[in-house]
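Spelled out from the first residue to the last, the chains are:
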Amino acid sequence: MPLVAVDHRPTISLNGDWRTIVDPYATGLYTFHGKLRADGYFMNRKQAPGGEPVEYDFQKSPTLQVPGDWNTQRESLFFYEGPMWYEKEFSYQRKPATRVFFYAGAANYRSYVWVNGRKACEHEGGFTPFSCEVTDLLIEGSNFVVIAVDNTRHADGIPTLQTDWWNYGGLTRDVSLVEVPEQFIDDFDLHLKRGSRATIEGWVHVEGAAPGVEVTVSIPELAVRETAQVSADGRATFQFAASNLEPWSPEHPRRYRVHLQAGQDNLEDEIGFRTIEVRGTRILLNGSPIFLRGVSVHAEAPYRTGRACNDEDMETLLGWVRELGGNFVRLAHYPHDERMTRLADRMGILVWSELPVYWAIDFDNSDVLANAERQLHEMIRRDRNKASVVLWSVANETPVTPARVKFLRTLVAKTHEQDPTRLVTAALLVRTEGMAKVIDDPLGEVLDVIGFNEYIGWYEHRPEDAGKTVWQIAYEKPLIVSEFGGDAKYGLHGESDTRWTEEYQANLYRHQLAMLNRIGPLRGMSPWVLMDFRSPRRPLPGIQDYFNRKGLISDQGEKKQAFYVLQMAYREGAIGKAE
Ligand code: GCB
């Protein structure tokens, strides 16, 4: 399982240029008779006299920048899906009593890692971090790491064959080596106790620690210094008073420096403390009802396109959310970069974080469920100490079948079990019965908050028909409309009933907002979507050109009329009731 708060530990960065070999036939993974190779093929071998021919050469191969997707770095890779071999040399000085981990923030979709020609680990899932111990694989001086990253889509993958976003491949997030002492803090959870304003509770897990090892949690700004002992499960549990605590909120995103210490290991994080709860149809932040004025966001890089991967990308995206008057983002449709949730913590923007359980994945397959559970665990583990994250979403627009309901119920239960302090949701499909919209998906029974997507005025009816819609909602729970919207090409103008124009989209937003305002238990919204993003499903020449154009802002950062419609509603408080 991946280390946590790696961005707060000393690391040896492996970012930068990596040598790369494009391997469309997966030669590095399979033999000529299609057998899975016991070991990798592209292993930085040098030609030996009389030996087998070596038919590749990393030194002569072009580089790709890490972090980054390959599709937007080299024209010939734009549509490429398959394995890519990455190689990097680095020097390393061994240190006594130190364990070393290879860490990747994310690599899409499957990864295979070798250090100095020896297998270190494999990972499946394109949006969550992974790490593996490489202490015994490293040598003094010059070392090399080879990683095969394969973004081939699979029917039994998560996500599966169909998505409405670009399948950007590569080492898309930071890669590093992390040094820790022999016993080290590999996971922890510190949060404000539900229902309380001044009691912090949680636990710290110390890898490799024997029962009885002491763990200290200190928060100097709150004059807290608490110790507890590790028990047989490796965890030290805490509960202590923190009087004068200023809770984290969008208006006041107060974070505290929290020091954790166990044996030789020291870790310092910045943590906000707040509670999030549901009472009846209300969402309570720190005990007070709140309306989530949000927008959905893809991890698409503004201005240059490709996978968002640096601080500037994140600052631009969340800066626009702020400008819109928002206090909330739905980070669709997969866990975004940790830089994003860190920034949301700093800026005071509430976050919905989602698993890529998108559309019709293979719900009958127990291996797929195991994969979803792993990705869920990796998502929770990475962000459970982020105050901004208030909602875990287990799925988006999944077809309502018995197998799917069973699968998702399992994920919901696992989420509650691993994180009893946050709310669990999913973006559900809405059933249409004439002019009625029905929300009665059986999954709703186990969700804390019901998310639903609807495209009145785009995929069905006309924008004006929104006013005639009758909502039939089977649950007495808070609702969030997790998507609505329509496409507009920035700069294309016309009548408000002409598709693809800014006027059409703005008109659609006006009618949607009026309709949504009449849904009593609506406690939030995240229209689709902040910025245009690349999608292979959207080829329409001259309009889409492989972009989903439902952005309020174009991929080049130009604001469309609908942006201002929503901004006015958010800024003037014309939309949404907290109770
Ligand atoms: C949806 C999906 C989203 C799509 C959007 C669209 O319902 O959840 O991923 O991009 O519709 O534009 O059709």
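Residues numbered from 1 in each chain as written. Predicted model: local features only at pLDDT ≥ 70, side-chain atom pairs only at ≥ 80, totals over all residues. Heavy atoms only, no water.

K.L.:
I keep staring at the overall build of the protein chain and nothing clicks. Help me out?
P.N.:
In terms of regular secondary structure, the protein chain is built from 6 helices and 33 strands. Against the 2.2 N^0.38 benchmark of 25 Å for 579 residues, the protein chain shows a C-alpha radius of gyration of 24 Å, consistent with a compact globule. With the C-alpha coordinates of the protein chain rotated into their principal frame, the extents come out at 80 × 60 × 45 Å. Across the 579 residues that make up the protein chain, the buried fraction comes to 62%. Across the protein chain, every contact between residues at least 6 apart in sequence was considered, and the portion connecting residues at least 24 apart equals 71%. Accessible surface for the protein chain amounts to roughly 21700 Å². Of this, 49% is attributable to carbon and sulfur atoms. For the protein chain, the distance from the average site of its 65 positive side-chain charges to the average site of its 80 negative ones is 2 Å. (Helix = DSSP H or I, 4+ residues; strand = E, 2+ residues; numbered from the N terminus. Rg over C-alpha atoms; globule rule 2.2 N^0.38 Å. Buried < 20%, exposed > 50% of the residue type's maximum accessible area, 1.4 Å probe, protein only. Contact = heavy atoms within 4.5 Å. Areas by Shrake-Rupley, 256 points an atom, 1.4 Å probe, with all protein chains shown as cover. Lys, Arg positive; Asp, Glu negative; His and termini not counted. Charge placed at Lys NZ, Arg CZ, Asp CG, Glu CD.)

K.L.:
I keep staring at the state of the cysteines and nothing clicks. Help me out?
P.N.:
Disulfides are covalent bonds that connect the sulfur atoms of two cysteines. The final tally for this structure, using the stated rule, is 1 disulfide. Between the sulfur atoms of Cys-121 and its disulfide mate Cys-132 the distance is 2.2 Å. Because the sign of the S-S torsion sets the handedness, a value of about -50° for the bond joining Cys-121 and Cys-132 places this disulfide among the left-handed ones. Of this pair, Cys-121 sits in strand S7 (residues 118-124) while Cys-132 sits in strand S8 (residues 130-133), and the two are 11 residues apart along the sequence. Cys-121 sits in the buried class, given a relative accessible area of 13%. (Disulfide = S-S within 2.5 Å.)

K.L.:
Mind showing me how you'd approach the site of the ligand here?
P.N.:
In the vicinity of the ligand there are 14 residues, among which Asp-164, His-333, Glu-397, Tyr-459 and Lys-550 approach most closely. Contact between the ligand and Asn-548: an oxygen atom at 2.8 Å from a side-chain N or O atom of the residue. One of the side-chain N or O atoms of Lys-550 is found 2.6 Å from an oxygen atom in the ligand. Partitioned by chemical class, the residues of the shell around the ligand number 5 nonpolar, 4 polar and 5 charged. (Near = heavy atom within 4 Å. Polar contact = N/O pair within 3.5 Å; in protein donor to acceptor, adjacent residues only side chain to side chain. Nonpolar A, V, L, I, M, F, W, Y, C, P; charged D, E, K, R; others polar.)

K.L.:
Help me understand unusual backbone geometry in this model?
P.N.:
Backbone geometry follows two general trends: most residues other than glycine have a negative phi, and most peptide bonds adopt the trans configuration. Cis geometry marks the peptide bond from Val-66 to Pro-67; its omega dihedral reads 0°. One can find Pro-67 in the loop between strand S3 (63-66) and strand S4 (83-92). A positive phi is found at Tyr-303, a non-glycine position, where the angle reads about 70°. Non-glycine residue His-461 carries a positive phi angle of around 55°. One can find His-461 in the loop between strand S28 (450-453) and strand S29 (470-473). Relative accessible area serves as the criterion here: at 30%, His-461 is assigned to the partly exposed category.

K.L.:
Looking at this structure, I do not really get the sheet that holds S7. What am I missing?
P.N.:
Remark on secondary structure: sheet strands pair via backbone hydrogen bonds, oriented parallel or antiparallel. Read from one edge to the other, the open sheet built from 6 strands follows the order S3-S2-S4-S9-S6-S7, with strand pairing classed as antiparallel. Where the open sheet ends on each side, the last strands, each with one partner, are S3 and S7. Taking the axes of each pair of neighbouring strands and ignoring which way they run, one obtains an average angle of 30° across the sheet. Strand direction decides the pairing type here: strand S2 (residues 16-22) and S3, joined by 4 bridges, are antiparallel. What sits directly across from Asp-17, in S3, is Gln-65. (Pairing = 2+ DSSP bridges. Axes fitted to C-alpha atoms, helices over the stretch in contact; angles between N-to-C directions.)

K.L.:
What is the right way to read the domain arrangement of the protein chain from this model?
P.N.:
Frequently, the measure chosen for interface size is the accessible area removed from exposure when the parts meet. Segmentation of the protein chain into domains returns domain 1 (6-180), domain 2 (194-274) and domain 3 (278-571). For domain 2 and domain 3, the distance between their C-alpha centroids amounts to 32 Å. Of the roughly 1500 Å² buried where domain 2 meets domain 3, counting both sides, 51% is carbon and sulfur surface. At the junction of domain 2 with domain 3, the criterion picks out 1 salt bridge. Linking Asp-269 and Arg-342 is a salt bridge whose minimum nitrogen-to-oxygen distance equals 3.0 Å. Linking domain 2 to domain 3 there are 8 residue pairs in polar contact (both at pLDDT 80 or more). The biggest single contributor to the side of domain 2 that touches domain 3 is strand S17 (residues 265-271), with 3 residues. For the side of domain 2 that touches domain 3, the residue count by class is 7 nonpolar, 2 polar and 6 charged. (Domains from an automatic or database assignment. Buried area = accessible area lost by both parts, 1.4 Å probe. Salt bridge = Lys/Arg side-chain N within 4 Å of Asp/Glu carboxyl O.)

K.L.:
Help me understand the pairing of strand S16 (residues 256-262), please; the structure alone is not making it clear to me.
P.N.:
Within a regular strand, the side chains alternate between the two sheet faces. Going residue by residue along S16, you find Tyr-256, Val-258, Leu-260 and Ala-262 tucked away on one face and Arg-257, His-259 and Gln-261 left uncovered on the opposite face. Across 4 bridges, strand S13 (residues 214-219) lies against S16 in antiparallel orientation. If you follow Val-217 over to S16, its bridge partner there is Leu-260. Two elements, S16 and S17, share 7 bridges in a ladder whose sense is antiparallel. Bridged to Val-258 within S17 is Asp-269. Hairpin geometry of S16 and S17 is characterised by an intervening segment of 2 residues between the two adjacent antiparallel strands and by a positive phi of about 55° at Gly-263.

K.L.:
Can you help me understand the nonpolar core in this one?
P.N.:
Note on soluble globular proteins: their nonpolar side chains tend to be buried together. In this structure, Val-357, Leu-411 and Met-525 are the most contacted members of the largest nonpolar core, which totals 87 residues. Inspection of this core shows a minimum of three residues originating in each of domain 1 (6-180) and domain 3 (278-571). (Core = buried A, V, L, I, M, F, W, Y, C linked by side-chain atoms within 4.5 Å.)

K.L.:
Explain the sheet that holds strand S27 (residues 436-439) to me, please; I cannot follow it from the model alone.
P.N.:
If you trace the 3 strands from one edge of the open sheet to the other, you get S26-S27-S29, paired in mixed fashion. The open sheet has two edge strands, strand S26 (431-433) and S29, and neither has a second partner. With direction set aside, neighbouring strand axes in the sheet form an average angle of 25°. The sheet contact formed by S26 and S27 spans 3 bridges and is antiparallel. Following the sheet pairing, Thr-432 is matched in S27 by Lys-437.

K.L.:
Can you help me understand the pattern of salt bridges in this one?
P.N.:
As enumerated under the stated definition, the model contains 44 salt bridges in all. In this structure, Glu-483 engages Arg-330 in a salt bridge whose closest nitrogen and oxygen atoms are separated by 2.9 Å. Within this pair, whereas Glu-483 is found in strand S30 (residues 479-483), its partner Arg-330 is found in strand S22 (residues 328-331), the two being separated by 153 residues in sequence. Using a relative accessible area of 4% as the deciding quantity, one classes Glu-483 as buried. In this structure, Arg-342 and Glu-338 form a salt bridge, with 3.7 Å as the shortest nitrogen-oxygen distance. Highlighted residues: Arg-342 and Glu-338, both in helix H2 (residues 338-347), separated by 4 residues, approximately one helical turn. Glu-338 shares its class with Arg-342; the two are buried. Through salt bridges with shared partners, a single ionic network connects Asp-7, Asp-269, Glu-338, Arg-342, Arg-382, Asp-383 and Lys-386.

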